[in-house]
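For reference, the chains in residue letters:
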Amino acid sequence: MDLLPAIVSRRSAKRFDSRPVSTQCLERILQAGRLAPSAKNRQEWRFIVVSRADLREKLAAASFGAEQIETASAVIAVCTTNVDYRMPNGQVSYPVDLGIAAAFMMLQATHEGVASCAMTTFDEQEVQDLLSMPHAMRVVVMLALGYTDQQPAAQTRKPLSDIVAYNHW
């Protein structure tokens, strides 16, 4: 399995067309998130799928007018049920765990031919209220999913030689 082409071709979609993502495709994307690794295999995540257009419109408003949220076929709010657990290195686990789960879902979406965009600019309290979430839960990222005819240019990436060191700084 050669995964690098999917990683190279993945882009953040800025807007989506009206084609719906099938339930079966969406379930495979969610399975990818479910199968992601997490600290101590705690799997302290919840994925809230928003497919209703009226609710996506309200989420877009809570995301400061993000067109990706409003035009998406579906939005997955990637949430946690446990904000207190710290890994042995002292760091809180949920942002790492949810970031990995979201990345797995975006790669599965790319494999399925579905465009995605990870959204982190939103009013979290407003999103929590719209999704009727328990007060203690956190929303870390929302994944906008859908189809697009747009193919944004690849963003410039630093060369490996600028970001990798072996055995010491």
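The sections below set out a description of the structure shown in this document.

Thoughts on the side chain of T80
Among the secondary structure elements, T80 is positioned in strand β2 (residues 74-80). Within the local environment of T80, its side chain forms a polar contact with the backbone oxygen of E44, the two atoms lying 2.9 Å apart. Apart from the residues lying within four places of it in its own chain, the contact partners of T80 are E44, W45, Y94, L98, M137 and R138.

Quick notes on empty space enclosed by the protein
Considering all chains together, one arrives at one cavity of 30 Å³ or more under this definition. Approximately 40 Å³ is the volume found for the largest cavity. Taken together, R42, E44, T80, N82, S93, Y94, D97 and L98 form the lining of the largest cavity. With three residues, the top contributor of residues to the lining of the largest cavity is helix α5 (residues 94-112). Per-class residue counts for the lining of the largest cavity are two nonpolar, three polar and three charged.

Some details on the layout of surface pockets
Taken as a whole, the largest pocket encloses approximately 380 Å³ of empty space. Listed by contribution, the elements that provide at least two residues to the lining of the largest pocket are α1 (4-9) and α5. Among the residues forming the lining of the largest pocket, the class breakdown is nine nonpolar, two polar and four charged.

Observations regarding the nonpolar core
The tendency in soluble globular proteins is for nonpolar side chains to be buried side by side. L59, I69, V75, V127, L131, V139 and M142 are the most contacted members of the largest nonpolar core, which has 24 residues in total. Breaking this core down by element, the ones donating at least two residues are α3 (53-62), β2, β3 (115-119) and β4 (138-146). Sort the elements by how many residues they give to this core and α3 lands first, with four residues. Ignoring anything within four residues of it in the chain, the contact list for L131 reads I48, V50, L55 and A77. Counting 22 residues, the second-largest nonpolar core is a separate cluster that includes V21, W45, A101 and A109.

So, how was this worked out
Residues numbered from 1 in each chain as written. Predicted model: local features only at pLDDT ≥ 70, side-chain atom pairs only at ≥ 80, totals over all residues. Heavy atoms only, no water. Helix = DSSP H or I, 4+ residues; strand = E, 2+ residues; numbered from the N terminus. Polar contact = N/O pair within 3.5 Å; in protein donor to acceptor, adjacent residues only side chain to side chain. Contact = heavy atoms within 4.5 Å. 1 Å grid on protein atoms, 1.4 Å probe; cavity = no way out; pocket = protein on both sides within 12 Å on 5 of 7 lines; lining within 4 Å. Points joined across faces, edges and corners; volume = space filled by probe spheres on them. Nonpolar A, V, L, I, M, F, W, Y, C, P; charged D, E, K, R; others polar. Core = buried A, V, L, I, M, F, W, Y, C linked by side-chain atoms within 4.5 Å. Buried < 20%, exposed > 50% of the residue type's maximum accessible area, 1.4 Å probe, protein only.

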